[in-house]
Amino acid sequence: MLSCLVRRSISSIIKRTAAQRNKARMATDAGSPSSSMPTPAAAIDFLMLLEKLKTTKRTGWVRCNVQQPESIADHMYRMGMMSLLASDAGVDAGRCMRMALVHDVAEALVGDITPHCNVSDEQKYKLEADAIQQIKQMLGEHTYAAQEVDQLWQEYEQQSTPEAHLVKDFDKLEMIMQAHEYEQSQGLGLQQFFDSTRGRFRTDTGRAWAEELVLRRQQAAAGAAAGSTEVEIAAEAGADKQPPKAPLL
């Protein structure tokens, strides 16, 4: 599956261009321990790399034959909006929003690797950590942006703060919310996504929002079942009212 493959050609190009750019930048930045912003060229390089997040479809939905599945960027955007709503959750909501934007950014280089891709957790971490280092080089290793991307990604991966716990909950919540929406719009059965997250929410906010979503899913299922029963009863009643057939001569 394409989204599970490491985009080595892209990575090698980025490494070469970043190395060339950094070599040139050293002449002008010598003696300066940090630059506040990437150069215009570095910024545009990075922003164009992010197109991969907009066009790469999430592997789990592709495997389940979802029609027009969401992209990685779609997933990250709604997580960012979840973080915006979490201002009273006892965390730094702004940091959560930035972490939501960064947590899957390595997938612009390595794709959306899932447990079904036959890649171990250790391999996945190494691939994504290497991708983050490439992104740092692209942005300029000593810029604030490069350091922020690295720190936020590591914080999320290590689950070392309350903000990381909440964003991880939002990662799972966004997935099951999308699963519910695909069940409703495409008539799919996506129970496995709910099974994989049951009992795994770590924050009060994550648990409360997940419970609300599961309740709505149960209500939708009950409503669909009731509607199906009504249709069957109406069909049977209609059959009873059919005029008797004329006897065969």
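Residues numbered from 1 in each chain as written. Predicted model: local features only at pLDDT ≥ 70, side-chain atom pairs only at ≥ 80, totals over all residues. Heavy atoms only, no water.

**Quick word on the pattern of salt bridges**
No. 1: Scanning the model with the defined rule gives 13 salt bridges in all.
No. 2: In this structure, R98 and E148 form a salt bridge, with 2.7 Å as the shortest nitrogen-oxygen distance. Here the residue R98 occupies a position in helix α6 (residues 93–102), and E148 occupies one in helix α9 (residues 144–158), the gap between them amounting to 50 residues.
No. 3: Judged by its relative accessible area of 9%, E148 falls in the buried class. (Salt bridge = Lys/Arg side-chain N within 4 Å of Asp/Glu carboxyl O. Helix = DSSP H or I, 4+ residues; strand = E, 2+ residues; numbered from the N terminus. Buried < 20%, exposed > 50% of the residue type's maximum accessible area, 1.4 Å probe, protein only.)

**Regarding the packing of aromatic side chains**
No. 1: Going through the model one piece at a time under the given rule, you end up with 4 aromatic pairs.
No. 2: With a centroid separation of 5.2 Å and 75° between ring planes, the pair formed by W61 and Y182 is classed as edge-to-face. Of this pair, W61 sits in helix α4 (residues 59–63) while Y182 is found in helix α10 (residues 162–186), placing the two residues 121 residues apart along the sequence.
No. 3: Relative to W209, the ring of F170 lies with its centre 5.3 Å away and its plane at 15°, an arrangement referred to as stacked. Residue F170 is found in helix α10, and its partner W209 is found in helix α12 (residues 204–240); the two are separated by 39 residues along the sequence.
No. 4: Taking relative accessible area as the criterion, W209 reaches 30% and is therefore assigned partly exposed.
No. 5: Positioned above the aromatic ring of F201, the side-chain terminus of K172 is 5.6 Å from the ring centre. (Phe/Tyr/Trp six-rings, centres within 6.5 Å; stacked < 30°, edge-to-face > 60°. Lys NZ or Arg CZ within 6 Å of the ring centre and 35° of its normal.)

**Considering the environment of A145**
No. 1: Examined against the element boundaries, A145 turns out to sit in helix α9.
No. 2: Taking C-alpha positions, A145 is 7.2 Å from P38, a pair spaced 107 residues apart along the chain.
No. 3: Leave out the neighbours within four places in its chain, and A145 touches P38 and L139. (Contact = heavy atoms within 4.5 Å.)

**Focus: the packing of α6 against α10**
No. 1: Between α6 and α10, the shortest axis-to-axis distance is 9 Å and the interhelical angle comes to 55°. Comparing their axes, α10 and α6 come out oblique. For the element pair α6 and α10, the recorded crossing hand is right-handed. Of the residues in α10, those in contact with R95, C96, M99 and A100 of α6 are E163, A164, L166 and V167.
No. 2: Along the lines of polarity and charge, the residues of the contact of α6 with α10 split into 6 nonpolar, no polar and 2 charged. (Axes fitted to C-alpha atoms, helices over the stretch in contact; angles between N-to-C directions. Parallel < 35°, antiparallel > 145°, perpendicular 65-115°, else oblique. Left-handed = near helix turned anticlockwise from the far one by under 90°. Nonpolar A, V, L, I, M, F, W, Y, C, P; charged D, E, K, R; others polar.)

**Structural notes on the nonpolar core**
No. 1: Formed by 49 residues in total, the largest nonpolar core has its most connected members in W61, V105, I135, L173 and I176.
No. 2: Sorting elements by how many residues they give to this core places α10 first, with 9 residues.
No. 3: Apart from the residues lying within four places of it in its own chain, the contact partners of I176 are F193, F194, T197, F201, A210 and L213. (Core = buried A, V, L, I, M, F, W, Y, C linked by side-chain atoms within 4.5 Å.)

**Re helix α2 (residues 40–49)**
No. 1: If you check which residues of α2 are buried, you get A42, F46 and L49. Axial view of α2: buried residues confined to an arc of 60°, hence all on one face. Residues of α2 that are exposed and point over 90 degrees away from its buried face: P40, L47 and M48. (Arc of directions from axis to C-beta.)

**Brief notes about the environment of A164**
No. 1: Along the chain, A164 turns up in helix α10.
No. 2: Since its relative accessible area comes to 0%, A164 is described here as buried.
No. 3: Residues A164 and R95, spaced 69 residues apart in sequence, show a C-alpha to C-alpha distance of 9.2 Å.

**Quick notes on the confidence of the model for the chain**
Predicted coordinates in regions of low pLDDT should not be interpreted in detail.
No. 1: The share of residues in the chain with pLDDT of 70 or more is 77%, and the mean pLDDT across the chain is 86.
No. 2: In this model residues 1–6 is a low-confidence stretch, pLDDT under 50, and it forms 20 contacts with partners more than four residues away in sequence or in other chains.
No. 3: Scored below 50 in pLDDT, residues 23–33 shows 5 contacts in the model against residues more than four places distant or in partner chains. (pLDDT = per-residue confidence, 0-100.)

**Quick notes on the side chain of Q159**
No. 1: When you line up the elements, Q159 lands in the loop between α9 and α10.
No. 2: Looking at Q159, its side chain comes within polar contact range of the main-chain oxygen of Y156, at 2.8 Å.
No. 3: Side-chain polar atoms of Q159 contact the backbone oxygen of A164, separated by 3.1 Å. (Polar contact = N/O pair within 3.5 Å; in protein donor to acceptor, adjacent residues only side chain to side chain.)

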